[in-house]
Amino acid sequence: MWANGGKHYYVGELGQLTDGRYIIPSCWFRHESQGTVCADAWLVRWYPATNIYVINDPKTIEIKSTDLARNIYDILGDIPEQETINIGGRVPEGVYNGINPLRKVAQGKRIYTSFIKLWGDDVSGNRSKQYNAHTNVYFTHANLPHQKLAQQYHVKFSSTSQFATSGEQFDAAMADIAGDNTWHSAYDCSIQEDILLRIIPEVLPADNPQQSASCSHVGLHGNHPCRRCEFGGTERERETDEGYEHHFSPGIPRTAAQTLSAVHAQIHAAALGVAKAVTDMQTTSGVKDPLAEFWIQKLIPLAREQQQIRIRNPATRDPRLNPRRILNRPAIVAEIEGEIQQELIRWLITQPESNFESLPPDSPARLELRAGVHFSSLLCVDTLDVHRDTPVELLHTYLLGVEKYSWYHLHNNWTDPQTDLFAARLQSSSLNGLSLPALRASWMLQHPNNLIGKHLKALQQLTVFHLDDSLCDPLTFDLVKATGELGALLWFHEIEDLKQYEEDLSVLIGNLLDIWARIDPQRVFVKLKLHILLHILEDVRTHGPGILNSTEVFEAFNAVFRGSSIFSNHLAPSRDIADSSAVLESYKHIVSGGWWTSPDGTHLRAGYKVRRYFLDPQVTRQLGLEDEEDEPGYMHCLQKTRKHGAQTWASFKLENLEFRGLSPAPDSTWYPSQYIVSQHRDRCRIGSWVFANIAGRTTTGRITQLLTTAEGSDVQHLVVLKEYIIPSSPHSHFNMPELRRDQADTTNIVIPATNILFELNVQHNCRDSNCKASARQVVQQERQDSDIIRPAIHHTNDTLYLINTHALHHAALLRKALPRELTKPRPYISDRTAEHKRVATILRAAHDSRRTKDAAARRARKDKAALEAAVATTNDTIVSEVGAHEQQAAMTQTTSIEVAATSHTPAEVLHRTNMGLPQRTTTDAIAVRASMPTSSAPTGPAAASTSSMCAEWTSSSSAVGANIATEYRSSLAEPASSSAGSASPIGWLASGGGWPMGASACQTSANGWWASASAMPPSAGWLADRGGQSFPAQAGTPAGSSGIEPATGSGRWGAPGLHRETLGGLGLTKHHAV
């Protein structure tokens, strides 16, 4: 509503202007703070013959509130019973056929709507590095002027808890401002009247994970990772040409109504007892409400329990399932499951019991699932759509996302000399006009991966000026340039031409995504923040400039929260913090002149002396309220300068002056000054670059002198400028406007201080000037020169400069002052669709290669696990067989156990898999146990060869498990040696007993025979087996060995059967296939 004294005008009501036209206001607004109240309104035509009012044009017009003459009561007349009018034609939403229903709520009082920004996140309650998790909720008044929203003073504490989630605290906050608590009484001290106001959450600024939780969204790592739209799918779906193209444009918008419907469907599915059905629904839709998930996890086991009782248990199941033959059994089971589902939903409605019992008996809420109890209350706020009203947040999405990606890609492969060179260049940057703190370039380059928002903000504005071919390739330079151009546009504080701004923003976001796709197709695929940037366009149309929804002020307010937390005894920390915050808010309200109601109903405020305490700048600074800025045109002169006395104009020796309407007398006296306040409240000092208005023409120059008059005159302050020329085309490499000046030009312009418009940031064009890090600079420590010398950039001229269009400060003003041709963004790629298809092809090839490798690795791990399990099973079987003969072995000191041969022993298959060899198809591997007394162990040099089935020899005193040896075929491609006592590289299994008599290795002999290095029985020779290859009976037998020939005359090993042979006199038994 808008009130003109006692006459109130409401939106949606008929009114009349002073010129006689009828209108219906749709909304009230101001173009600027403290400006005239205006309204968007529909023009209405009245037809007296039928007494009908018709809206002919659905478009609205802008009117001034001061032009309103009559409200609805004036039009209806003094007839109390008449409260309606006839509105014909197509009636827009929000138009009433008579009186706005809110008039009955107001009861003649003024009513207002206060929009708030509700913020929530997890915060540490400690100042130390030890994390003390709290979840906090703050808010700020969105109706405030934009420049006030960034001040901590206007941030209000709402709640905190170490246990309650942000969603639960949001539910509690909504309960305080919705339903019966919608309207709140207050006192308007400006008109000294009681009023009514309602509080409506307008936006929910936060980081991306918190915003996903507020939207009942599955999160950033789901198949549908965007909380704003339905973008997503499986990896194979997203890597197609069509799917990859969706990464570069917003998808179908999500709505709170659709999300609420999906949450209800998940709850009903959980009541059927199938967890996978719920998981599939969450995966497919991307919806997962934290509060509903609590009840889902309760419903699933309850449903399964009831199904077990009433369907599966023969003793307790439903009688309809008792007959032995039921033709429609599945239908009956489904019917029973549906009955269980409905019963569980009715049970859920009654939970929690305390909440259900507190509802009135006739309340509709007793018949349905309730917001804030069974699912998030944010899904049911009429004035809030959680998907639309969780705007893109610049700190976490752009600075800690996009800019951080760019910075890491740039510096990741730098060598130490490259790092030192960039640090020197960065430290030489001019900070005038950037509103940045002093740079610590060496520290930033020493800790490049630990930078926070303020560091990344500096890099976004300055990096591009210090790169050349020695530091990055052209594509990386294009990435840095595109990132900086986009950042400057995102920090616009006001937008005059919305259509042009949206076009520019769309081009710059597209350029950034296209460059990333060229650098790394996978980056656009996996980094969701790049996709979220696309939704900034919608946010600008809905909520205005993106900087208004920054969370930096809330993050800064965490310091106030910690100040309250550290003084708690931590028995009830949330209560202590809340009490401390309430005291602080009360103090702020009282000392700032706020009013309150006394017990007798009168309105009071603190006395003058208490309120005067608030005028102390130190108090306001501690409370987070910034000091009032100096008025434009103010020039600050130091007192010590005045003490030294004024100087005459001639004493300044300013040559080649060009006076623009000003000509001070040579004997006039002036004081040198420290800074001048521009029209846009910048403090401009000597050396600052400014835009100035000279005789209706905007020019750019550098301040060389600031002078304040020492005597009365019409012009109090003068500024001496060195003017520079802006060429008509931007720099081809930096895509920025240039500033040039002839070296021989020594002209200076003298203008009044009030002509200075605003300060801008200008950087020296070191690339074209070929500036080197040849200078040396003394490092100051504690404001004193130290002995440390660091390299610095030596600028070779004073004539070539670049206007920094990446600067955030005055980004909108800068583009307004410059010609459009110098700042207009240009698309990086002309045919974006074709380029995206090309990149998608590269991405699919990379994914297919990765999937092939992953599948092979999975198969190898699976086969290895199965084989290891098989080997363990085989060894356990052998141990059990050996145990039956252990007693006899101890008595006779020698024994042999025959084990059936297999075509593929686990050990052999494992070895061949590891070595990449083909598997055998013949029976050639067996298990053997050989034992002998230690005193009977053979000695002497190795005179015989041993086959690839090299048996392990152990002492009879060893443990049973250690007496088991697995022997199998080896390949000629295997290593020539293996260590004893462990699994060798060639796959030989060695137990704790070791090789015979300390033999350390087995080596190949001339014809592929495997010979023990030492201590084999001199009379024993085992013929090598080469996968079934035939050998003559005596072929390859080492000299001096008797040799063991095949049992048959075929000369071929590997025939079916088992041959046991005892070496005479040694008590040794060898098993081999024949």
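Rules of the game
Residues numbered from 1 in each chain as written. Predicted model: local features only at pLDDT ≥ 70, side-chain atom pairs only at ≥ 80, totals over all residues. Heavy atoms only, no water. Helix = DSSP H or I, 4+ residues; strand = E, 2+ residues; numbered from the N terminus. Contact = heavy atoms within 4.5 Å. Areas by Shrake-Rupley, 256 points an atom, 1.4 Å probe, with all protein chains shown as cover. Pairing = 2+ DSSP bridges. Axes fitted to C-alpha atoms, helices over the stretch in contact; angles between N-to-C directions. Core = buried A, V, L, I, M, F, W, Y, C linked by side-chain atoms within 4.5 Å. Buried < 20%, exposed > 50% of the residue type's maximum accessible area, 1.4 Å probe, protein only. Parallel < 35°, antiparallel > 145°, perpendicular 65-115°, else oblique. Nonpolar A, V, L, I, M, F, W, Y, C, P; charged D, E, K, R; others polar. Salt bridge = Lys/Arg side-chain N within 4 Å of Asp/Glu carboxyl O. 1 Å grid on protein atoms, 1.4 Å probe; cavity = no way out; pocket = protein on both sides within 12 Å on 5 of 7 lines; lining within 4 Å. Points joined across faces, edges and corners; volume = space filled by probe spheres on them. Arc of directions from axis to C-beta. Phe/Tyr/Trp six-rings, centres within 6.5 Å; stacked < 30°, edge-to-face > 60°. Lys NZ or Arg CZ within 6 Å of the ring centre and 35° of its normal. Polar contact = N/O pair within 3.5 Å; in protein donor to acceptor, adjacent residues only side chain to side chain. Patch = residues over 30% accessible without salt bridge, like charges linked within 9 Å, V, L, I, M, F, W, Y side chains within 5 Å. pLDDT = per-residue confidence, 0-100.

We now examine the overall build of the protein. On a plain count of helices and strands, the protein comes out with 31 helices and 40 strands. A separation threshold of at least 6 residues defines the contact pool for the protein, and within that pool the share at least 24 residues apart is 64%. Total accessible area computed for the protein in this model is approximately 53,000 Å², and 52% of it derives from carbon and sulfur atoms.

One open sheet holds the five strands; their spatial order is E12-E11-E10-E14-E13, and the pairing between them is mixed. Two strands lie at the open edges of the sheet, namely strand E12 (155-161) and strand E13 (183-188), each paired on one side alone. Averaged over neighbouring strand pairs, the angle between their axes works out to 35 degrees when direction is ignored. The pairing of strand E10 (residues 110-124) with strand E14 (residues 193-203) spans eight bridges and is classified as parallel. Its bridge partner being in E14, Phe-115 is matched across the sheet by Ile-200.

Ranked by size, the top nonpolar core spans 72 residues in total, and within it Tyr-244, Trp-407, Phe-422, Leu-426, Leu-467, Leu-486 and Leu-505 carry the most contacts. The element contributing the most residues to this core is helix H17 (residues 498-519), with nine residues. Core analysis: the second largest hydrophobic core is formed by 45 residues, Ile-177, Ala-292, Ala-303 and Val-381 among them.

We now examine the packing of helix H7 (residues 256-270) against helix H9 (residues 290-312). For the pair H7 and H9, the least separation of the axes is 8 Å and the interaxial angle reads 25 degrees. As summarised for this structure, H7 and H9 are arranged roughly parallel, according to the angle between their axes. Of the residues in H9, those touching H7 at Val-263, Gln-266, Ile-267 and Ala-270 are Ala-292, Ile-296, Leu-299, Ile-300 and Ala-303. Its residues assigned to classes, the contact of H7 with H9 comprises eight nonpolar, one polar and no charged.

Another aspect to go through is the pairing of strand E23 (residues 689-694). Most of E23 is tucked away: five of the six residues are buried. Where E23 meets strand E24 (residues 697-709), six bridges bridge the pair, whose relative direction is antiparallel. Paired with Trp-689 across the strands is Arg-702, a residue of E24. As consecutive antiparallel partners, E23 and E24 are separated by two residues, and within that stretch Ala-695 has a phi angle of approximately 55 degrees, a positive value. The sheet contact formed by E23 and strand E28 (residues 756-760) spans four bridges and is antiparallel. The residue bridging Ala-692 from the neighbouring strand is Ile-756, located in E28.

Another aspect to go through is the pattern of salt bridges. Where side chains of opposite charge bring their charged atoms close, a pairing between them can arise. For the structure shown, the criterion picks out 35 salt bridges. A salt bridge links Glu-502 to Arg-541; the nearest nitrogen and oxygen atoms lie 3.1 Å apart. Highlighted residues: Glu-502 in helix H17 and Arg-541 in helix H20 (residues 536-543), separated in sequence by 39 residues. Glu-502 gets classed as buried once you look at its relative accessible area, which sits at 17%. Glu-631 serves as the salt-bridge partner of Arg-681, at 4.0 Å between the closest nitrogen and oxygen. Taken together, the positions of Arg-681 in the loop between strand E21 (675-677) and strand E22 (683-685) and Glu-631 in the loop between helix H24 (617-622) and strand E17 (635-636) put the pair 50 residues apart, joining distant regions of the chain. In this structure Arg-681 comes out as partly exposed when scored by relative accessible area, which is 34%. Classification of Glu-631 as exposed rests on a relative accessible area of 52%. Each member of the salt-bridge network shares a partner with another, and the members are Glu-235, Glu-239, Asp-848, Arg-850, Arg-851 and Asp-854.

Next up on the list: unusual backbone geometry. Note the cis peptide between Gln-351 and Pro-352, where omega equals -15 degrees. One non-glycine residue with positive phi stands out, namely Gln-192, at about 55 degrees. Structurally, Gln-192 is set in the loop between E13 and E14. Judged by relative accessible area, Gln-192 falls into the exposed class, the value being 59%. Phi at His-570 takes a positive value of approximately 65 degrees, unusual for a residue other than glycine. Residue placement: His-570 occurs in the loop between helix H21 (552-565) and helix H22 (573-591).

Relative to the assigned elements, Leu-475 resides in helix H16 (residues 474-490). In this structure Leu-475 comes out as partly exposed when scored by relative accessible area, which is 25%. Sequence spacing of Leu-475 and Trp-516 is 41 residues, and the spatial spacing of their C-alpha atoms is 9.3 Å. If sequence neighbours within four positions are ignored, Leu-475 has contacts with Ile-515, Arg-518, Ile-519 and Tyr-828.

The subject of this paragraph is the environment of Ile-829. Here Ile-829 shows up in the loop between helix H28 (820-823) and helix H29 (832-883). By relative accessible area, which is 8% here, Ile-829 ends up buried. Expressed as a C-alpha distance, the spacing of Ile-829 and Gly-510, which sit 319 residues apart in the sequence, is 9.0 Å. Sequence-distant contacts of Ile-829, that is, excluding residues within four places in its chain, are made with Asp-514, Arg-518 and Glu-835.

The next subject is the side chain of Thr-823. Tracing the chain through its elements places Thr-823 in helix H28. Residue Thr-823 is classed as buried on the basis of its relative accessible area, which comes to 16%. Apart from the residues within four sequence positions on either side, Thr-823 is in contact with Arg-815 and Leu-818.

Another point: the layout of surface pockets. The space that makes up the second largest pocket amounts to roughly 740 Å³. Lining the second largest pocket are 22 residues; nearest its centre among them are Met-174, Ile-177, Ala-178, Gly-179 and Cys-380. For the lining of the second largest pocket, the elements supplying multiple residues, two or more each, are helix H3 (166-177) and E14. Here the residues of the lining of the second largest pocket are counted per class, giving eleven nonpolar, six polar and five charged.

Those residues of H20 not exposed but buried are Ile-536, Leu-537, Asp-539, Val-540 and His-543. Across the axial projection of H20, the buried residues extend over an arc of 165 degrees, all falling on one side. Here the buried face of H20 lies against E14, helix H12 (394-411), H16, H17 and helix H19 (528-532). Of the residues flanking the end of H20, it is Gly-544, one or two places downstream, whose phi is positive at about 90 degrees.

The geometry of an aromatic ring pair comes down to the distance between the two centres and the angle between the two planes. The tally for this structure, following the rule as stated, stands at 26 aromatic pairs. Taking the centre distance of 6.0 Å and the plane angle of 50 degrees together, the rings of Tyr-153 and Phe-614 count as tilted. With Tyr-153 in the loop between strand E11 (133-141) and E12 and Phe-614 in the loop between helix H23 (608-612) and H24, this pair connects stretches of sequence that are 461 residues apart. Across this residue pair, the class does not change: Tyr-153 and Phe-614 are buried. Here the aromatic cluster, defined as three or more aromatic residues joined through ring pairs, consists of Trp-119, Tyr-138, Phe-157, Phe-554 and Phe-557. The residue whose ring lies beneath Lys-156 is Tyr-153, and the NZ or CZ to ring-centre distance is 5.5 Å.

With that settled, the discussion passes to the environment of Arg-228. Locating Arg-228 in the fold gives a position in the loop between helix H4 (208-214) and helix H5 (235-238). On the accessibility criterion, Arg-228 (4% relative accessible area) is buried. For Arg-228 and Gln-211, which are 17 residues apart along the polypeptide, the C-alpha to C-alpha distance reads 9.9 Å. Setting aside chain neighbours within four positions, we find Arg-228 in contact with Ile-252, Pro-253, Arg-254, His-387, Arg-388, Thr-390, Pro-391, Val-392, His-535, Glu-538 and Asp-539. There is a polar contact of 2.7 Å between the side chain of Arg-228 and the backbone oxygen of His-387. A distance of 3.4 Å separates polar atoms of two side chains, one belonging to Arg-228 and the other to Glu-538.

Let us now look at a nonpolar patch on the surface. The grouping of Ile-590, Trp-596, Leu-604 and Val-610 at the surface amounts to a nonpolar patch, some 310 Å² of accessible area in total. With relative accessibility at 39%, the residue Val-610 sits in the partly exposed group.

Moving on, we come to the sheet that holds E21. With antiparallel pairing, three strands are arranged side by side in an open sheet as E17-E21-E22. A strand with exactly one partner marks an edge of an open sheet, and here the two such strands are E17 and E22. Pairing analysis gives three bridges linking E21 to E22, with the strands arranged antiparallel. When the bridges of E22 are listed, Tyr-675 appears paired with Arg-685.

Turning our attention to the confidence of the model for the protein. On average, residues of the protein score 81 in pLDDT, and 80% of them are at 70 or above. Low confidence marks residues 921-1074, where pLDDT is under 50. Its contacts with residues over four positions away, or in another chain, come to 315 contacts.

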